[in-house]
Structures are given as C-alpha cells and as structure tokens.
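Structural overview for review
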Amino acid sequence: MAKKDLDWANIGFGYRTTEFRYVANYKDGQWQDGFLTEDANVTVNECAGILQYCQEVFEGLKAYTTKDGHIVTFRPDLNATRMMDSALRLEMPPFPAERFLEAIDEVVKANADWVPPYGSGATLYIRPYMFASSPVIGVKPAQEYQFRVFVTPVGPYFKGGAKPLTLCVSDFDRAAPNGTGHVKAGLNYAMSLHANVTAHANGYDENVFLDPATRTYVEETGGANFIFIDKEGNLVTPKSESILPSITRRSLLYVAEHYLGMKVTERPVRLDELENFAECGLCGTAAVISPVGKIVDHGKDICFPSGMDAMGPVTQKLYDTLTGIQMGTIEAPEGWIRKIM
Ligand SMILES: *Cc1c(COP(=O)(O)O)cnc(C)c1O
C-alpha cells in the first residue's frame, strides 16, 4: 500500500471511486452489522422508497492529514447527531452515533492511501448517507433502509486564492416555514437545482434565499450558511428555524468568540441591512469560508467594502484559525479532533 500518485493540488472537486465503502442494512426493525465492500454500485428494487418518494438524508465531512502525519476528522460527532435528527424528521430509523463514528473510521482507514498529504490543500471528502431501500407505493415510510459511507479525494476548493463571489437574491424559496430546511436531505437540493441553474445562467455564483413567509430576512444559500462582519469587526449570523445548522458555522462562532475575542450575535438579519456590513462569507465543509464580494437584489448592487479581489481581513483571520485547528497547527478545543490513525 502506498499513497495514490495523484496531482493533489489539481484533482478538482468531482467524484472519484476509491476502493472501499461501508454498508449497513436496516431490516426487521433493527440495524444489522455493517461491512466494507469494494462494490461501488447500489442495487435496489424499482419501487424503493428512495426512488419514488425521496426518503434520504446525508452528511458531508472531511478527513485531513495533520502536520504531524496523523489522519483526523473534524467534529464528526456533530455530523452523527445531525444525521440522526435528519432521519427522525424523515421518519427513518436513526443510525446510532457511535456506529456512525466507527463506520467513518473504518472507511477512512481502509482508503488511507487516498487521504491527501498535509500541505497539498486537498482533503478526503466523506459522504455518509442513508435511504429507503424497500418498495413503497402507497405513501408511507419504508420498512427497510441502507446506510452507506463512501470517500473521495477532493482538491483545494480555491485554486489560486479565494475569489469573492457574486450572489443574487433568488425569487425562488429554499425552505418553507416549518418545513425541512433545517435537515440535511437530498430533497432540499433537488428543489434548489432549478434556482441554481437559473442563477448560473444569469452570471451569478449562488442564490441568496430569503425567508419565504415575509421575504424580508436573509436565510442561506443552497448549501452554505452566511456570516457577516459588521463595521466594528464583530460577527453577525442569521437566526432562523429553516436554516441548516452548519457545523462550520457553529465552529466559526466559537473561534470568533474564544480565539479572536469577537462579539458574536445570532439574530434575524434583514435583507435591507446588508449594506451596513463590512464583510460577508459563506460557510460549509467544502470551502470552510467562501468570501462574498457582492449581492445583487433585483438590479440593486450591495457591495461589501472588502471588495472583489480578496477575502476581507476578519474573514481571513477566521478562515486561518479554523483551518489551522483542522490541520493541527493551532490547538483545538477539547473533543474537536478525532484521530483515526
Ligand atoms: C451541509 C449544508 C451546509 C453546511 O454545513 P456544514 O456542516 O458546515 O458542512 C449549509 N447549508 C446547507 C443547506 C447544507 O446542506
């Protein structure tokens, strides 16, 4: 076994098949023992619940090689519990958190040759997911489910530095009040694709989704939460029941308060106050933070003072601190890093 001979800095962000993935089945009212398999394909009945009524939830996290050569994951316990919450909302049997953590360790270990080296900027993306595998034709929860974890190496999110994004305020809604916006389910992405393609066709990088009830407050984009830095250098982030609770965002809030001494406020953020902020960023596992330079609201440009050339200075500090914690160059809070090998 030896590290794969890949040009890590240039592997991009696509799916690449690795050797092993983890599978566990739920039937007869319980989760069976899991196992590793080399078969990357899934076979299900034509009437499986996932195919007919989209009963599926997923997670996304990464494994990193630290400076001292260990392979670690970042706060995977939060992915485990979030996936249990998502499953319950979709009437699926939660996969136990402890088994979730062990499954990830097993898959990452088995595919250790695919974990990009320290300093390459690349990481191993981990995708746990579960879906209804037994036939359902009358609308109801399925009887059987499958939990799987695969991994795929991904390149540095920002090649040649982080270019600030231009977003547009979408006319489409992402999440209904009292709906499923707060759970990580494929269905939230299926319905956002049209809004995404439309935004791209109009020359924008991403959508800003507003609260559907009043279209007054900022929620999030299709796959990342917002953070704003005000003119005093403090962090403000939208509060809403229909935002997906990003682990990156929760971590950045902690870092801002406890490492950088910033004031952190979680509150509803009005669209018409965005022009008062100094910096804006999108946060999620994939990019950690993507800087936003401009938001276009139906012909009106909201330009952040940090500009279109680089990340704002406070955003950069947050980014450097959190990625330093993930890569082992800055001491992590207790329990944030899980050493796999
Ligand atoms: C996964 C996801 C995020 C980011 O969450 P992280 O835990 O930070 O990766 C944000 N918004 C949506 C809609 C998501 O699905």
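Residues numbered from 1 in each chain as written. Predicted model: local features only at pLDDT ≥ 70, side-chain atom pairs only at ≥ 80, totals over all residues. Heavy atoms only, no water.

1. Brief notes about the overall build of the protein
Convention followed: Counting from the N terminus, the helices are DSSP H or I runs at least four residues long and the strands are E runs at least two residues long. Each radius of gyration is computed over the set of C-alpha atoms, and the globule rule expresses the reference value as 2.2 Å times the number of residues to the power 0.38. The buried label applies to any residue whose accessible area, calculated with a 1.4 Å probe on protein chains only, is under 20% of its type's maximum; exposed applies above 50%, and partly exposed to all values in between.
Scanning the protein for helices and strands turns up seven helices and 17 strands. Computed over its C-alpha atoms, the radius of gyration of the protein comes to 20 Å, within 12% of the 20 Å expected for a compact globule of 341 residues. By principal-axis analysis of the C-alpha atoms, the protein measures approximately 55 × 50 × 35 Å. In the protein, which comprises 341 residues, the proportion classed as buried is 52%.

2. Side note on helix 2 (residues 76-89)
Applied cut-off: The span one expects for a helix is its residue count, reduced by one, times 1.5 Å.
Here helix 2 contains 14 residues, and its C-alpha end-to-end distance of 20 Å stays within 8% of the 20 Å for a straight helix at 1.5 Å per residue. Considered for burial, the residues of helix 2 that qualify are Pro-76, Leu-78, Asn-79, Ala-80, Arg-82, Met-83, Ser-86 and Ala-87. Looking one or two places after helix 2, you find Glu-91, whose phi comes out positive at around 55°.

3. A short note on the site of the ligand
Defined as follows: Each residue is tested against the molecule or strand, and it is near if at least one of its non-hydrogen atoms lies within 4 Å. Pairs of N or O atoms within 3.5 Å make up the polar contacts considered here, provided that, within protein, one atom can donate a hydrogen while the other can accept it, and that residues adjacent in sequence are counted only when both atoms are side-chain atoms. Only the protein chains shown count as cover for residues, and all accessible areas are computed by the Shrake-Rupley method using a 1.4 Å probe. Under the convention adopted here, Pro, Cys and the residues Ala, Val, Leu, Ile, Met, Phe, Trp and Tyr are nonpolar, Asp, Glu, Lys and Arg are charged, and Gly plus all remaining residues are polar.
Taken together, 15 residues surround the ligand, and among them Lys-184, Tyr-189, Ser-246, Thr-248 and Thr-285 come closest. A distance of 2.5 Å separates an oxygen atom of the ligand from a polar side-chain atom of Tyr-189. The separation between a nitrogen atom of the ligand and a polar main-chain atom of Ala-224 is 3.4 Å. For the ligand, the protein covers 96% of the area, taking 380 Å² as the surface of the free molecule. Taken together, the residues of the shell around the ligand break down into four nonpolar, seven polar and four charged.

4. Section: unusual backbone geometry
Excluding glycine, residues mostly have negative phi values, and the peptide bonds linking residues are mostly trans. Here Asp-28, not a glycine, exhibits a phi torsion of approximately 50°, which is positive. Here Asp-28 is to be found in the loop between strand 1 (21-27) and strand 2 (30-31). Unlike most non-glycine residues, Asn-178 shows phi in positive territory, near 65°. Note that Asn-178 resides in the loop between strand 9 (165-169) and helix 4 (186-190). Asn-178 gets classed as exposed once you look at its relative accessible area, which sits at 77%.

5. What to know about the packing of helix 6 (residues 247-258) against helix 7 (residues 313-327)
Stated precisely, the cut-off is as follows: Note on geometry: axes are C-alpha line fits, over the in-contact stretch for helices, and angles between N-to-C directions span 0 to 180 degrees. Convention used here: angles under 35 degrees read as roughly parallel, angles over 145 as roughly antiparallel, angles from 65 to 115 as roughly perpendicular, and any remaining angle as oblique. We call two residues contacting when some pair of their heavy atoms lies within 4.5 Å.
Interhelical geometry of helix 6 versus helix 7 gives an angle of 110° and a closest axis separation of 10 Å. The orientation of helix 6 with respect to helix 7, classified from their angle, is roughly perpendicular. Judged by residue contacts, Thr-248, Ser-251, Leu-252, Val-255 and Ala-256 of helix 6 engage Leu-318, Thr-321, Leu-322 and Ile-325 from helix 7. Across the contact of helix 6 with helix 7, the residue classes tally to six nonpolar, three polar and no charged.

6. Quick notes on the pattern of salt bridges
The condition is simple: The term salt bridge refers to a pairing of a side-chain nitrogen on Lys or Arg with a carboxyl oxygen on Asp or Glu at a separation within 4 Å.
This structure, assessed with the given rule, holds ten salt bridges. A salt bridge links Glu-275 to Lys-300; the shortest N-O distance between them is 2.9 Å. You can see Glu-275 sitting in the loop between strand 13 (264-267) and strand 14 (279-284) and its partner Lys-300 sitting in strand 16 (residues 300-303), a full 25 residues away along the chain.

7. With respect to the pairing of strand 11 (residues 225-229)
Stated formally: Strand pairing follows a simple DSSP-based rule, namely that at least 2 bridges must link the two strands.
When you tally the buried positions in strand 11, you get five out of five residues, the bulk of the element. Strand direction decides the pairing type here: strand 11 and strand 14, joined by five bridges, are antiparallel. Paired with Asn-225 across the bridge in strand 14 is Cys-283. Counting the residues that bridge the hairpin from strand 11 to strand 12 (residues 235-238) gives five residues, and of these Gly-233 lies at a positive phi of roughly 85°.

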